[in-house]
Number of protein chains: 2
Amino acid sequence: MIAKHQATLDAAVQALHGRTFFAAFPENPSPDIYGADADAQGREKFAAMRGQHFAELQQGEPEGWAGQEESPYEQVSLDIKYPFYSPATLVANAQETFAEWRKVKPALRAALLTEALEGMKSRFFEIAYATMHTTGQAYMMSFQASGPHAADRALEAIAAGYEEQTRFPEETRWEKPMGKYSISLHKTWRAVPKGLALVIGCSTFPTWNTVPGMFASLVTGNPTIIKPHPKAVLPIAIVVAEVQKVLKEHGLNPNICQLGVDADDHLITKELAEDPAIKLIDYTGGSQFGEYVESLKGKTVFTEKTGVNSIIIDSCNDLDKVAQNLAFSVSLYSGQMCTAPQNFFIPATGVKVGDTQVPYEEVVQKLSAAVTGLATNPKAGAHVLGAIQNPATHERVKQLSFDGGRSILAHSTVDNATFKNARTCSPSIFEVDASRVEQYSQELFGPIMLVIKTKDTQESIRLAAQLAREHGAISCGAYTTDTAIKEQIMDEMSLAGTPVSFNLTGGIYVNQNAGFSDFHVTGGNPAGNASFTNPEFVIKRFTWVGFREPA
Amino acid sequence: MIAKHQATLDAAVQALHGRTFFAAFPENPSPDIYGADADAQGREKFAAMRGQHFAELQQGEPEGWAGQEESPYEQVSLDIKYPFYSPATLVANAQETFAEWRKVKPALRAALLTEALEGMKSRFFEIAYATMHTTGQAYMMSFQASGPHAADRALEAIAAGYEEQTRFPEETRWEKPMGKYSISLHKTWRAVPKGLALVIGCSTFPTWNTVPGMFASLVTGNPTIIKPHPKAVLPIAIVVAEVQKVLKEHGLNPNICQLGVDADDHLITKELAEDPAIKLIDYTGGSQFGEYVESLKGKTVFTEKTGVNSIIIDSCNDLDKVAQNLAFSVSLYSGQMCTAPQNFFIPATGVKVGDTQVPYEEVVQKLSAAVTGLATNPKAGAHVLGAIQNPATHERVKQLSFDGGRSILAHSTVDNATFKNARTCSPSIFEVDASRVEQYSQELFGPIMLVIKTKDTQESIRLAAQLAREHGAISCGAYTTDTAIKEQIMDEMSLAGTPVSFNLTGGIYVNQNAGFSDFHVTGGNPAGNASFTNPEFVIKRFTWVGFREPA
């Protein structure tokens, strides 16, 4: 098993350090790669799961069945029921597996988990349709984000965990010269897992945001309970089933990795999180609950919470290309990405384009036109926007207004040729005053874009950095042709722990974070401390303990 | 500068991973190594500092002078005054240096700090006498712990910080194949320091426990304020002066590393710790204040607090050698080491020695006799015990009694030939009942040894592991000739995050932790989370932030 996956693991470790392009799982859902029938089969398998009990888990007799997923495209229930286990059962099951799992060597744990990712790969299309009909992501994003990109992020966590646990020797002979003699000790070390782990998923990226923490905790020897968002269970249930399958096949207890769904009449997250046996918690979601999780005593917590992402527009060479790029970024999955830009800082004096100063209003109208152009393009609009996951988000977008602000573009209906009931609308754009920080310092989830007219680029930088420092940010885009301004943005945003994409145009967007190259979330601001995948993300999951004895 | 120290740094990084014996600074205060006059000169320099103002710091005009050190050997004031600066001044000074220090590349920061350790080396003997007459450590320990061992721990932190900051590339070209074309990005990364750092020292190991956090914060680009314990300032003041000298010589602001002493009439630690600009805190000392520091919001905190260290005696080959080894461990620096053993778990059924079962009472009496033998040995007693740092500790030892317990050995006066007024006494030994956990679950600082009579070794292991998990532990010693018992102890103590030394006899003791080989404090139990030096100890001091732009 170790030999089978060693080359993949070694390549992944190397990629982590080279940070050049690397992908173990192809992102293109092409029949040439995945097989001629893969897509059709995946669609059929997903369709066949609807209205059924999900029976793939190997966690023993259920205490009940629960499920409340609904398709944002069809606005009807998926009617899939998952086995329910009380928190006490889940914890007891996990504790039973701890001695077994922690004694499996890191190299074998890494190999078994990589094997499970191969199982996940065989089900990328099922997962894609499951993701579409729970999150509202469009087909292509559903496939890529929930399938290959998530699997690569999982592999990244496995690789980082494997590397860190094998970075110090298992044993050595320590010989201290004392002049006429020497003292010799035989020393050994163990990377000791912290205990039980809990991963709390979100409704918009049920695998992509769950698998890094899940595989990081597992590879470091911690039995792991996955608590998905009740509205997005199926994609990760399939992944858990694949992990359990591999564990079982190798004579290990499948409860090393359990799915723990909420009951239909009550949520179980707090009860799980507060259980003293739970030592590690990964959380993705809103800041309020995230702060509760962070406040729990005696836990090591990794969070990805909300943030406000900024775009700083100072100067550029081609404003049309900039507008098109940014229109795509705000529209992609209807602004429901944690990396989606929200606040667009534009100087009142306008933007220098080549040798010309383009007036502020013209810049704003160009952005607005680009957003409208994309949303109304029948070949692109629906495929980029997808659907809005949560009806409450849709409602908020419809009701939104800003005291003293100006509506630049009202949201409107976008037709989806396949799904007539899709919960979709085009982005709305508002201009808010730079002095009204309270209006733009919170994340406004969904297809919402705010234009903030600043005195100059200095004010833009100051506000973007302040927002990131105080309220968190996961991405930042900047457009400037001035090297001094660029260095200033890098320095100030770096102090706010926010990565910056400069001058993106064409087919690459500020929203996208590439596995093995872009650290996702830095840990340097209130948006969270989980960084996919830097060493901290894995080493906090275990403890180095040494033993010594005269040699 | 980088070239000058690169070989040392590379060797240190290699040693960290090999974990074999390594020392850049010789621990033997021999004239052959340090020069014929080094000791005498150090003693004279220390003597000359007494009654004076410490004028070596380069922090600008003092706002006052403060100092309250007293020799535990002479029980008289050292009458040395240090420049006082208010917390606001210290923070403002540090903030002024941040832009400068964070822009120095990690390799140069590491080289400059290694250069400062060379300066420290030239003053090892001064530091030794300063340590003796503030902490009460005996001469040899003062020299080794405050000099070469501390410098090696500092180098270890520099090396770890240097390695972590250079573990990912500064820049790379990321090229994603898209079929007919590819997307190319130029990516760069910065290891961004967290901000200002504070290191809070303790009274017993003023350099050894301060320099790891100090050099870890500095090498990762954080301006650092050292707040020593008011009773043990001089040893670390000399180190800070040496760092400032190197900074100044290289055109950098000496306030990158400041000494911030308490005023004589008020302590400044809380005011410093609570300042929002302070982002990193290293703390060594009691658990109560440690928990206060850990509770502060918005800080990354590293602590070494109190713990209760256990010795498990199950079986051995030579009980006399075991008793001698343990008597030395409890006597060394009068039990004022964080690694000193306190609780000795001995089965009521006795201890298997070779093929013989030695009765419990005989084991206890052998330990007691060994402690008395060492304390009353005129050639060893005073040199091993040193003096008690704090009069309150001495008082507590004198008053100690345990409800329902049994006094096995009363403390007694130990003559010191050189210092007639030395605050020294021999260890006292009590037997307490295994069921009275509250009597032995707290750290009893000073020369105190508790014998806990257990049902059997299983109970010994259970209690030792429970104490470590619930109350913290930094060391554990175990004596067993049974491989199954040994594996059980390793497994259970590893889950309690406690390193174990097995079967130590002769000239190596459970108290000793070697730089570059033994992680000091694991982070796996309540005794603290600062581990000298694992990767976590340095990577939490900076944030990886990435930048990208079309290539």
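Criteria and thresholds
Residues numbered from 1 in each chain as written. Chains lettered and ligands numbered in written order. Predicted model: local features only at pLDDT ≥ 70, side-chain atom pairs only at ≥ 80, totals over all residues. Heavy atoms only, no water. Pairing = 2+ DSSP bridges. Helix = DSSP H or I, 4+ residues; strand = E, 2+ residues; numbered from the N terminus. Axes fitted to C-alpha atoms, helices over the stretch in contact; angles between N-to-C directions. Contact = heavy atoms within 4.5 Å. Least-squares fit on C-alpha atoms with pLDDT ≥ 70 in both. Buried area = accessible area lost by both parts, 1.4 Å probe. Salt bridge = Lys/Arg side-chain N within 4 Å of Asp/Glu carboxyl O. Polar contact = N/O pair within 3.5 Å; in protein donor to acceptor, adjacent residues only side chain to side chain. Nonpolar A, V, L, I, M, F, W, Y, C, P; charged D, E, K, R; others polar. Patch = residues over 30% accessible without salt bridge, like charges linked within 9 Å, V, L, I, M, F, W, Y side chains within 5 Å. Areas by Shrake-Rupley, 256 points an atom, 1.4 Å probe, with all protein chains shown as cover. Parallel < 35°, antiparallel > 145°, perpendicular 65-115°, else oblique. Domains from an automatic or database assignment.

(A) Representation of the sheet that holds strand S6 (residues 224–227) of chain B within the structure. Residues and elements named next belong to chain B. Taken together, the five strands give an open sheet; going across it, the order is S7-S6-S5-S8-S9, and neighbouring strands pair in parallel fashion. Because the sheet does not close on itself, it has two edges, and the strands there are strand S7 (257–259) and strand S9 (300–304). For this sheet, the mean inter-axis angle between neighbouring strands, taken without regard to orientation, is 15°. Here helix H9 (residues 211–219) sits on the sheet and contacts strand S5 (196–200), S6, S7 and strand S8 (278–284); the angle it forms with S6, its principal contact strand, is near 170°. Along the sheet, helix H10 (residues 234–249) contacts S6 and S7; its crossing angle with S7, the most-contacted strand, is approximately 145°.

(B) Region of the structure containing the relation of the copies chain A and chain B. Superposition record for chain A on chain B: RMSD 0.0 Å, screw rotation 180°, translation along axis 0.0 Å. Overall, the copies show the geometry of a two-fold rotation axis. For chain A, the smallest separation between a C-alpha atom and the rotation axis is recorded for Glu536(A), amounting to 3.3 Å. Take the interface residues of chain A: 100% of them recur as interface residues in chain B, which is what a same-surface contact looks like.

(C) Focus on the interface of chain A and chain B. Taken together, the contact between chain A and chain B spans 69 residues of the former and 69 residues of the latter. A per-residue breakdown of the area chain A buries against chain B is headed by Phe21(A), Arg167(A) and Arg548(A), which together make up 13% of the total. Between Asp491(B) and Arg102(A) there is a salt bridge; the shortest N-O distance is 2.6 Å. Where chain A meets chain B, there are 36 residue pairs in polar contact (both at pLDDT 80 or more). Broken down by element, the residue count for the side of chain A that touches chain B peaks at eight residues, all from strand S20 (residues 542–550) of chain A. Classifying every residue of the side of chain A that touches chain B by side-chain character gives 29 nonpolar, 20 polar and 20 charged.

(D) Seen up close, a nonpolar patch on the surface. On the surface, Met1(A), Ile2(A) and Leu108(A) cluster together into a nonpolar patch covering about 200 Å² of accessible area. Of note, Leu108(A) is situated in helix H5 (residues 106–121).

(E) Just the packing of helix H6 (residues 124–135) of chain A against helix H9 (residues 234–249) of chain A, in detail. Residues and elements named next belong to chain A. In contact at an axis separation of 8 Å, H6 and H9 are set at 150° when each is read in the N-to-C sense. For the element pair H6 / H9, the angle class is roughly antiparallel. Across the interface between the two elements, Glu126, Ile127, Ala130, Thr131 and Thr134 from H6 touch Leu234, Pro235, Ile238 and Val239 from H9. Residue composition of the contact of H6 with H9, by class: six nonpolar, two polar and one charged.

(F) Local environment of the domain arrangement of chain A. Residue and element names in this part refer to chain A. Structurally, chain A comprises domain 1 (36–305 + 530–550) and domain 2 (310–502). Put simply, the middle of domain 1 and the middle of domain 2, counted by C-alpha atoms, are 34 Å apart. Taken together, the contacts link 19 residues of domain 1 with 18 residues of domain 2. Across the domain 1 to domain 2 interface the summed buried area is about 1,400 Å²; carbon plus sulfur atoms make up 60%. Of all residues in domain 1, Pro72, Tyr73 and Met141 bury the most surface against domain 2, accounting for 32% of the area lost on that side. The interface formed by domain 1 and domain 2 holds one salt bridge in total. Residues glutamate 70 and arginine 423 are paired through a salt bridge, measuring 3.5 Å at the closest nitrogen-oxygen approach. Per-element accounting of the side of domain 1 that touches domain 2 gives the leading share, four residues, to H6. For the side of domain 1 that touches domain 2, the residue count by class is six nonpolar, eight polar and five charged.

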